Amino acid sequence: MKPKSILEYAAFSVFCVTLAVLPRSVALRVGAAIGQVLYWVALPLRRIAFINLKIAFPGRSDAELRHIFAASCRNLGRVAAEVCHLGRLRPETVERYIEIADRDGWAKALRLAEERGAIIVTGHFGNWELLAYAHGLLGHPVSLVYKPMRNRFVDRAIARIRARAGTRMIAKRSAARAALRVLREGGLLVVPMDQNQRAHEGVFVDLYGKPACTNAGAMRLAVHTGAMLVPVFLVRQGETDRHRFEFLPEIEVADTGFPDRDLVATTQLCSDAVADMIRRYPEQWIWFHKRWRTRPGDEPAIY
C-alpha cells in the first residue's frame, strides 16, 4: 500500500461519512460550498476549464465563463453529497427526487431493450451516479463501462456504493466480451461518451468545432448486436436536489456500406447528443476534463 493512496482513501472515507450523517439538505449545501472552494483554489483546473469553455462558447465573456465554471463546481459538490446519501434511497422514495419526463417513452424503451439490449449514451453530466442508481432501484439495473480509478481503495469503495442498486461494473480495458453478453441478454449498458480517448481507442469527431477523440466502442457494439442507442441524461432542476430523466430519440446506426465511415458518422451523432445537452445545461458538466487532449496528426497540444 502506498502512503498516498492510504491518505486519499482516509480523506475520502471521512468526507463520505461526514456528509452521510448530515441531513440531506444540509449535506447538499455543504457539498455546494466545497465545490465553490474548489473553484477558488484549484487554479490548474480552472485554467483547463477556461480553455474548454472558450472552445464551447467562443462568444461569451470571461465573466459568463467564470459563472458557468463556478456553478459546475457547485454541482459537482452536490453530486458528491447525493452519492453519500444514495444508501438511504429506496424504490418507494427515489421518485421524490426524480421526475421521469416521458414515462411512456421510458417504459417503451425498456420493453424494446429486453428484446434487443440497449446502450445508454450519456456523460458525466448532472448527477450521473444517481442516473444509474435510480434505474437499479426502479427494477432496471444497469451495467456500467468505466475506467478504474488510480486509487484502487477509492475505486472499490465507489463500486460498493454502485452495487447497492445492482449496478454491474465493467472495466473498460476488458469490456468487449462482458458488454456483448449484457446486450445479448437484453440488458442496459451505460457508456459515457464525453471523455477523451487515446488515438488507438477512439475516432475523431467534431465537438464544438474541434476534432475530439471519442469512444467508438458503443457504436461497434450496436452494429454487432443490433442494440438500441439511446441518449439518456439526468438533469438537475436549478440548484435543488430534484432531477429529471430526459430520454432522447433512439440514434439510428449509419449503414451506407462503408463500415469505417459509418462508425464515425454514428459516433458523431452520439457525441452531438451529449454536446447538445452540455450546451443546454453547461453548469452540469465537468469542465476541467482535458476533453481535447488527444490531437489528430500533427495538430499542436491544446492544454
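These lines cover the structure that appears in this document, whether it is placed above or below. If you're wondering where the values come from, they're calculated on a predicted model, not measured in any experiment.

In this model helix α1 (residues 3-21) runs 27 Å from its N-terminal to its C-terminal C-alpha over 19 residues, within 8% of the 27 Å that 1.5 Å per residue would give. Those residues of α1 that sit buried are Ser5, Cys16 and Leu19. On an axial view of α1, the arc spanned by its buried residues comes to 75°, and they lie on one face. Within α1, the exposed residues directed more than 90 degrees away from the buried face are Pro3, Leu7, Val14, Val17 and Val21. Its buried side turned inward, α1 meets α2 (24-41), α4 (62-84) and α7 (152-163).

Turning our attention to the nonpolar core. Ranked by internal contacts, the top residues of the largest apolar core, which has 89 residues, are Phe69, Ile119, Leu189, Tyr208, Leu229, Phe245 and Trp287. Not counting residues up to four positions away in its chain, the partners in contact with Tyr208 are Ile55, Ala56, Ala275, Ile278, Arg279 and Trp292. Of all hydrophobic cores here, the second largest spans six residues; its members include Cys16, Ala27, Leu28 and Cys84.

By rolling a water-sized probe across the atoms, one finds the places where empty space is left. Of the pockets and cavities examined, the second largest pocket occupies roughly 240 Å³. Forming the walls of the second largest pocket are 13 residues, and the residues nearest its centre are Phe12, Cys16, Ala157, Ile161 and Arg164. Those elements that place two or more of their residues in the lining of the second largest pocket are α1, α4 and α7. Ranked by residue count, the leading element in the lining of the second largest pocket is α1, at seven residues.

Another aspect to go through is the packing of α2 against α4. Between α2 and α4, the shortest axis-to-axis distance is 7 Å and the interhelical angle comes to 140°. Considering the angle they form, α2 stands oblique to α4. Crossing angle aside, the handedness with which α2 passes α4 is right-handed. When α2 is examined against α4, the residues Arg24, Ala27, Leu28, Gly31, Ala32, Gly35, Gln36, Leu38 and Tyr39 are found in contact with a partner set consisting of Arg66, Phe69, Ala70, Cys73, Arg74, Leu76, Gly77, Arg78, Ala81 and Glu82. Broken down by class, the residue content of the contact of α2 with α4 amounts to ten nonpolar, four polar and five charged.

It is worth spelling out the packing of helix α3 (residues 43-56) against α4 at this point. Running from amino to carboxyl end, α3 crosses α4 at an angle of 120°, the nearest separation of the two axes being 10 Å. Between α3 and α4, the interaxial angle falls into the category oblique. Crossing of α3 over α4 shows right-handed handedness. On α4, the residues that touch Leu45, Arg46, Ala49, Phe50, Leu53 and Lys54 of α3 are Asp62, Leu65, Arg66, Ile68 and Phe69. Taken together, the residues of the contact of α3 with α4 sort by class into seven nonpolar, no polar and four charged.

Turning next to the environment of Arg150. With respect to the helices and strands, Arg150 occurs in the loop between β3 (142-146) and α7. In this structure Arg150 comes out as exposed when scored by relative accessible area, which is 89%. Distance from Arg150 to Ser5, taken between C-alpha atoms, is 8.8 Å for residues 145 residues apart in sequence.

Scanning all chains against the criterion turns up eleven aromatic pairs. With a centroid separation of 6.5 Å and 15° between ring planes, the pair formed by Trp106 and Phe245 is classed as stacked. One end of the pair, Trp106, is in helix α5 (residues 103-116); the other, Phe245, is in strand β9 (residues 243-247), and 139 residues separate them in sequence. Given the relative accessible area of 0%, Phe245 is considered buried. Summarising the aromatic geometry, the rings of Trp285 and Trp287 are spaced 4.9 Å apart at their centres and angled 90° between planes, so their arrangement reads as edge-to-face. The pair formed by Trp285 and Trp287 is uniform in burial state, with each residue classed as buried. Above the plane of the ring of Tyr97 lies Arg24, whose end atom (NZ or CZ) is 3.8 Å from the centre.

Turning to the side chain of Ser5, a few remarks are in order. With respect to the secondary-structure elements, Ser5 resides in helix α1. Residue classification places Ser5 among the buried residues on the basis of a relative accessible area of 16%. Once residues lying within four places of it in the same chain are set aside, the contact partners of Ser5 are Asn151 and Phe153.

With mixed pairing, seven strands are arranged side by side in an open sheet as β1-β9-β8-β2-β5-β3-β4. Looking along the sheet, the strands with just one partner apiece sit at the ends: β1 (98-100) and β4 (168-171). Ignoring which end each strand starts from, the neighbouring axes of this sheet average 30° apart. Here three bridges tie β1 to β9, and the two strands are oriented parallel to one another. When the bridges of β9 are listed, Ile100 appears paired with Phe245. Against the sheet, α5 touches β1, β2 (118-122), β5 (188-192), β8 (228-236) and β9, its axis set at about 140° to β8. In this fold helix α6 (residues 128-137) packs onto β1, β2, β3, β5, β8 and β9, with an angle of close to 80° to the strand it touches most, β9.

What counts as what
Residues numbered from 1 in each chain as written. Predicted model: local features only at pLDDT ≥ 70, side-chain atom pairs only at ≥ 80, totals over all residues. Heavy atoms only, no water. Helix = DSSP H or I, 4+ residues; strand = E, 2+ residues; numbered from the N terminus. Expected span 1.5 Å × (residues − 1). Buried < 20%, exposed > 50% of the residue type's maximum accessible area, 1.4 Å probe, protein only. Arc of directions from axis to C-beta. Contact = heavy atoms within 4.5 Å. Core = buried A, V, L, I, M, F, W, Y, C linked by side-chain atoms within 4.5 Å. 1 Å grid on protein atoms, 1.4 Å probe; cavity = no way out; pocket = protein on both sides within 12 Å on 5 of 7 lines; lining within 4 Å. Points joined across faces, edges and corners; volume = space filled by probe spheres on them. Axes fitted to C-alpha atoms, helices over the stretch in contact; angles between N-to-C directions. Parallel < 35°, antiparallel > 145°, perpendicular 65-115°, else oblique. Left-handed = near helix turned anticlockwise from the far one by under 90°. Nonpolar A, V, L, I, M, F, W, Y, C, P; charged D, E, K, R; others polar. Phe/Tyr/Trp six-rings, centres within 6.5 Å; stacked < 30°, edge-to-face > 60°. Lys NZ or Arg CZ within 6 Å of the ring centre and 35° of its normal. Pairing = 2+ DSSP bridges.

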